[in-house]
Amino acid sequence: MIRTPYDHRVSPDSSARLRLRHRRSLSPPLTSSAARRPYDGATAAMAQYHLSAQLRGHEDDVRGICICGDAGIATSSRDRTVKFWTQHPEKKHEYILSKTLVGHSSFVGPLAWIPPSDRFPEGGLVSGGMDTLVLLWDLHKGEVVETMKGHTSQVTGLAVDNNGDIISSSMDCTVRRWRNGSAVEAQVIPQLSFGKEGHVYIHSQDMQMWALTGQPLLEMIGHTSLVYSVDAHSSGVIVSGSEDRSAKIWKDGICVQSIEHPGCIWGAKFLENGDIVTACSDGIVRIWTTDNNRFCSDEELAAFTDLISQYTLSRKTVGGLKLSDLPGIEALQVPGNSDGQTLIVREGDNGVAYSWNSKELKWDKIGEVVDGPGDAAAAPGQFHDGVRYDFVFNVDIGDGEPMRKLPYNRSDDPYAVADKWLLKENLPLTYRQQVVEFILQNSGQNNFVPDPSFRDPYTGANAYVPGQSASSTVSPPKQTFKHIPKNGMLTFETAQFEGILKKLSEFNGTLSSDLEQKELSLSEIELSRLAAVAKVLKETSFYHTSKLADADMALLLKMLKSWPTQMMFPVIDFLRMFVLHPDGATLLLKTIESGNDVLAETFHKVLAPPVQPPNVLTTLRAVTNLFDKPCLYQWLRIHCAEIIDSVSSCKPTFSKNAHLAYSTLLLNYAVLSIESKDEQSQAQILSAALEIAEDDTQDADSKYRALVAIGSLMLNGLVKSIALDLDVKSVANAARASKDLKIAEVGADIELLTR
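Residues numbered from 1 in each chain as written. Predicted model: local features only at pLDDT ≥ 70, side-chain atom pairs only at ≥ 80, totals over all residues. Heavy atoms only, no water.

*Asks:* Which residues make up the UniProt feature "repeat: WD" (unreviewed entry) in the protein, and what are the values?
*Replies:* Mapped onto the present numbering, the UniProt feature "repeat: WD" (unreviewed entry) falls on residues 55–85, 101–147, 148–178 and 220–251. As annotated, residues 55–85 has a helix share of 0% and a strand share of 65%, and its two end C-alpha atoms lie 8 Å apart. Split by type, residues 220–251 is 0% helix and 56% strand. Its first and last C-alpha atoms lie 10 Å apart. (UniProt positions renumbered as here; feature names shortened; annotations may be inferred. Helix = DSSP H or I, 4+ residues; strand = E, 2+ residues; numbered from the N terminus.)

*Asks:* Go over the sheet that holds strand β23 (residues 246–251) with me, naming the residues and quoting the values.
*Replies:* One open sheet holds the 4 strands; their spatial order is β21-β22-β23-β24, and the pairing between them is antiparallel. Both edges of this open sheet fall to β21 (227–232) and β24 (254–260), since each of them pairs with a single strand only. On average, each strand axis in the sheet is inclined to that of its neighbour by 20°, with strand direction left out of account. Pairing between strand β22 (residues 237–242) and β23: 5 bridges, direction antiparallel. If you follow Val239 over to β23, its bridge partner there is Ile249. (Pairing = 2+ DSSP bridges. Axes fitted to C-alpha atoms, helices over the stretch in contact; angles between N-to-C directions.)

*Asks:* Just give me the short version of the pairing of strand β4 (residues 50–56), but keep the residues and values in it.
*Replies:* When you tally the buried positions in β4, you get 5 out of 7 residues, the bulk of the element. Pairing of β4 with strand β27 (residues 284–289), which is carried by 6 bridges, proceeds in the antiparallel orientation. For Ala53, the partnering residue across the bridge sits in β27 and is Ile287. (Buried < 20%, exposed > 50% of the residue type's maximum accessible area, 1.4 Å probe, protein only.)

*Asks:* Tell me about the pairing of strand β12 (residues 143–148), and name the residues and values.
*Replies:* By the bridge criterion, 5 bridges tie strand β11 (residues 134–138) to β12 in an arrangement that is antiparallel. Across the sheet, Leu136 pairs through a bridge with Glu146, a residue of β12. Turn length for the β11-β12 hairpin, with the two strands adjacent in sequence and antiparallel, is 4 residues, and the turn residue Gly142 shows positive phi of about 70°.

In structure tokens form, the structure reads like this:
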């Protein structure tokens, strides 16, 4: 991990990109308007929730929860069923399976409750599925009484109107109203996903609460992955369920409790008594309570706690290795094979490295192993959601939508991976073959032959490759490489906006208190606008809809042009994130094309002696981020020689992080120069990268990226002969002898090219 001047962490990405050819459509989930009975939650809001009951019966992910008044709880699942649970006649805090409803041909999602009536003496249920159907169930009979067809994609939300009409939303971007089984109305809807809860809207992806007037009320920060479900109680308590395996309890915008689960939480709902029901990907429905009279038994709690511990242990990695795969300390009883041999063993919840001391015939303890800064950026072999994969690909859905991450291991079935990923991202399964072909091409598995007996667990379809018989194979290439060539660009995508804004405000206060520089300071309105822009930049999930204006570029331009050099580093860091937004890059290019090359001007300003290390670091990262936007490639090509020469002259002032940013910049330039077939630029980049590779004081990550640049230029560029003349073979041999695995591997790649 890489620390910045504001003590935040950056995880560059180095994955290939897949662009899907059609636009993703999102539809808002609908919720019932039925009011819940109020309860006194003042005490419960601060009391801790404990496990009350576990409802077992589903055979796959539980996707939806519906609280059916006093009658019971309905749940839907990827196993294509809906199950209805009622309270145990004697143990009121426990539930028993009453009915299993079978009728959907694919996984079932949203549910809605219809209270008992003359038509439905025990009540009714409405369910929506991946099969595009909306089904109405009579609970007394356990049968489908109405099948509503009309949607052309997955049903994402359901509600029942006061007049009995059923309203459904779908990924086909329509909302339909059904009456007596027939559609009476369909209107196209915008691409929003808000859930209405009482007097506010809660947006489940970024955990923000909005008043009906549109006024933002709260931003709840705590989840580390996608939030799939949010529910609010009349007491003001909120529960959210996330892909990060936690259900979080919120009061007044503050997370007061986090409940860990052994899988993704697809749904979280309040019961009328204040208890919480969660739907988990392990197929189990769980109920949580603050009432000690409804706590589960000590034995059941101990079993659940052990389950969480085992699950956590099975997923924990140290230094890129699964902790559960490491040998125990008994492995230290076996002598090593050579002096300096390294062995990592599991000691409790930690991985500890030992080195074999052949002189004293013992294992010397080196220290605890942690995930280093290069683990998340190495390609292949990257982390995604805390798990290491052979590849993590970027998927471009198009039309300005943010990149999606597609993790993949060579041992996985690409069809199963594609289907699971498409379902997770709510994308049509028609993309399946396109995704599979991309995976096979970019993972070097062009000779993959699908298992003819494979049946997709989600659709039931067979896996096949059009035009390829089961016996056909593709001859492997003569040379195979683990780390080269590099495809795609690396960027520094994470920022601590609070730290940046705080430093900008501090510098602005200094300017405003100086009579000679007061005119350079920002007004209160401009400072507020800067904070608003930061909020837009922070919310990357909405880059496809959020906008930046000319006035925002003008505000940034004012600071870049007029602020003193010693105050530039937070401004440049703001620019680093500004260019990652589609509008930000466009506005910057528009400014440059108008004859106002603020980039070149800023570059000269901050790198003129005497240089200041914070300016150098933020400038290196900002220029590196320009490679994220192809519209800025021409500017980067024009200024390549100037940038590398100027930055090289500042190397004596480099910090460790600056060295890493510099090697990342060179690696991006290597990819760009190969694409443009610019031999002169390739030669300059090669020379600069060789300097890093030959420098024994460089850290492993900087050296690794320089070596990848060298190998890529030799393999796909025009400078292999130059590299050989510069004795690249010695560089490769030295790298191969490194104790750092990825450096040794890329050294072997380069050595292969010298033969």
